[in-house]
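Commentary on secondary and tertiary structure
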Amino acid sequence: MHKMSQTEEIINKVAQDKIDVNLGIKLLFEDPEYNFERLFTTLKNYIFNSIPDKTDYNTETYQKAIHTIPLKPTHTPIIFLKRFSLKIALSKLSELPKNENKKIITSLLWIFKVTDTERRNTECKNGCGHFWHELQ
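Residues numbered from 1 in each chain as written. Predicted model: local features only at pLDDT ≥ 70, side-chain atom pairs only at ≥ 80, totals over all residues. Heavy atoms only, no water.

1. Quick notes on the packing of aromatic side chains
Scanning all chains against the criterion turns up four aromatic pairs. Look at Phe36 and Phe40: their rings are 5.6 Å apart centre to centre, the planes differ by 35°, and that puts the pair in the tilted class. One end of the pair, Phe36, and the other, Phe40, are both in helix 3 (residues 36-50), four residues apart, so they sit about a helical turn from each other. For the residue pair Phe36 and Phe40, the accessibility class agrees, reading buried in each case. Centre to centre, the rings of Tyr46 and Phe112 are 5.1 Å apart; their planes meet at 50°, and the pair counts as tilted. Placement of Tyr46 in helix 3 and of Phe112 in helix 7 (residues 101-121) is noted, with a sequence separation of 66 residues between them. Accessibility expressed as a relative area gives 1% for Phe112, which makes it buried. (Phe/Tyr/Trp six-rings, centres within 6.5 Å; stacked < 30°, edge-to-face > 60°. Helix = DSSP H or I, 4+ residues; strand = E, 2+ residues; numbered from the N terminus. Buried < 20%, exposed > 50% of the residue type's maximum accessible area, 1.4 Å probe, protein only.)

Structural data, given as structure tokens:
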């Protein structure tokens, strides 16, 4: 069985409402091993895996997620996520300056929280075997 890193555990606890999203963001950025690229890649992969429609990744749940991100809708990451397809938006987000990192991570963590909640309530509601859905 895969042993989750501290980062993966925080992400999944936020997604499962075991810790508040703001506390999760704080913990992710205070982690002594914080690495933006690694965290960005982890969240990107989690989002891709949590969205059921793998052909366009533009489900109703994904749209709900990007429209409820708890940041100002005028922030660059939100504009990119709303204006472009997920894959293009992620490519553009990875090129933003460092001062956008917290907004990027907040946005992606929120999207994963919403999309994974939907997956747990539909595909996984009768048990799924995803070890990360078994967090205490």
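2. Things to note about the layout of surface pockets
As a volume, the largest pocket reaches approximately 230 Å³. Lining the largest pocket we find Ser5, Gln6, Thr7, Glu8, Leu28, Asp31, Glu33, Tyr34, Asn35, Arg38, Leu39 and Thr42. Put simply, the parts of the chain that give the lining of the largest pocket at least two residues each are helix 1 (6-15) and helix 3. When its residues are assigned to classes, the lining of the largest pocket shows three nonpolar, five polar and four charged. (1 Å grid on protein atoms, 1.4 Å probe; cavity = no way out; pocket = protein on both sides within 12 Å on 5 of 7 lines; lining within 4 Å. Points joined across faces, edges and corners; volume = space filled by probe spheres on them. Nonpolar A, V, L, I, M, F, W, Y, C, P; charged D, E, K, R; others polar.)

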